[in-house]
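Residues per chain, in single letters:
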Amino acid sequence: MARTDSLQGSLDLMVLKILQRRGPLHGYGITTHIEEMSQEVLRVEEGSLYPGLHRMEEAGWIKARWSITDNKRRARIYEITSQGRKQLEREESRWNAVNAAVLRVLKLA
C-alpha cells in the first residue's frame, strides 16, 4: 500500500539523508532507495521528486552534474553539499521533535 501523501514535509529529509549515506545518485536511484528502505510503503512520484531536487539545488543543499549511466544514458547525478549537511541536521531535529509530539498525542488520546 504505497502512500505518496505520507511524504508531505519529509522529502527533503529523506533525499538529504540518502545522499549523505549513499553518495551521489541520480533521481531514479533516490526514489528506488526510498521505496526499498520503506519496504514499498513510500513512493515518490517524479512530479514531486524533481521539483524538490531543483529547489534543494537552488538552496545550495545539493549540487548536480550530468553524467553517462551504465546504460549509456545521460542522467543528472545529485550530491549533498556542506550546506546540505547542515540542513539535514536541522531537518532531522525538526522531524524528531514532530515525531515525538505525535507519539505523545497518540499515547494520550
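The coordinates are above.
These figures come from a predicted structure and were not determined experimentally.

Peer 1: Sorry if this is basic, but what is going on with unusual backbone geometry here?
Peer 2: Trans peptide bonds make up the majority, and among non-glycine residues the majority have a negative phi. Its identity as a non-glycine residue notwithstanding, Gln 39 has a phi of 55°, on the positive side. With respect to the secondary-structure elements, Gln 39 resides in the loop between helix H2 (27–37) and helix H3 (46–58). Positive phi, normally seen in glycine, also occurs at Lys 72, with a value near 65°. Mapped onto the secondary structure, Lys 72 falls in the loop between strand E2 (62–68) and strand E3 (74–80).

Peer 1: What am I meant to see in the nonpolar core here?
Peer 2: For soluble globular proteins, the rule of thumb is that nonpolar side chains tend to be buried together. Of all hydrophobic cores here, the largest spans 20 residues; its most connected members are Val 15, Leu 19, Ile 30, Ile 34 and Leu 53. Ranked by residues supplied to this core, first place goes to helix H1 (residues 11–22) with 7 residues. Excluding residues within four positions of it along the chain, Ile 30 makes contact with Val 15, Ile 18, Leu 19, Leu 25, Leu 49, Leu 53 and Tyr 78.

Peer 1: I would appreciate a short explanation of the packing of H1 against H2 in the present structure.
Peer 2: Relative placement of two packed helices is described by the angle separating their axes and the distance separating the axes. Packing of H1 against H2 brings their axes to within 10 Å, and their N-to-C directions diverge by 100°. One way to sum up the angle between H1 and H2 is to call them roughly perpendicular. Residues Leu 11, Met 14, Val 15, Ile 18, Leu 19, Arg 21 and Arg 22 of H1 pack against Ile 30, His 33, Ile 34 and Met 37 of H2. Split into classes, the residues belonging to the contact of H1 with H2 amount to 8 nonpolar, 1 polar and 2 charged.

Rules of the game
Per-chain numbering applies: the sequence of each chain, read as written, is numbered from 1 onward. Since the coordinates come from a predicted model, pLDDT governs what is reported: local features require at least 70, and pairs of side-chain atoms require 80 or more to be given and counted, while whole-chain, interface and lining totals use all residues. Hydrogen atoms and water are omitted, and side-chain values are computed over all heavy atoms in the structure. Here a strand is any run of E in DSSP of at least two residues, a helix any run of H or I of at least four, and the numbering for each starts at the N terminus. Here, nonpolar core refers to any group of buried Ala, Val, Leu, Ile, Met, Phe, Trp, Tyr and Cys residues whose side-chain atoms link them within 4.5 Å. Exposure categories follow from relative accessible area, calculated using a 1.4 Å probe and restricted to protein chains: below 20% of the type maximum is buried, above 50% is exposed, and the middle band is partly exposed. Residue contacts are counted whenever heavy atoms from the two residues lie within 4.5 Å of one another. Every axis corresponds to a line fitted to the C-alpha atoms, with the helix fit spanning only the stretch in contact, and the corresponding angles, defined between N-to-C directions, vary from 0 to 180 degrees. Small angles under 35 degrees read as roughly parallel and large ones over 145 as roughly antiparallel, with 65 to 115 read as roughly perpendicular and the rest as oblique. Three residue categories are used. Nonpolar comprises Ala, Val, Leu, Ile, Met, Phe, Trp, Tyr, Cys and Pro, charged comprises Asp, Glu, Lys and Arg, and polar comprises the others, including Gly.

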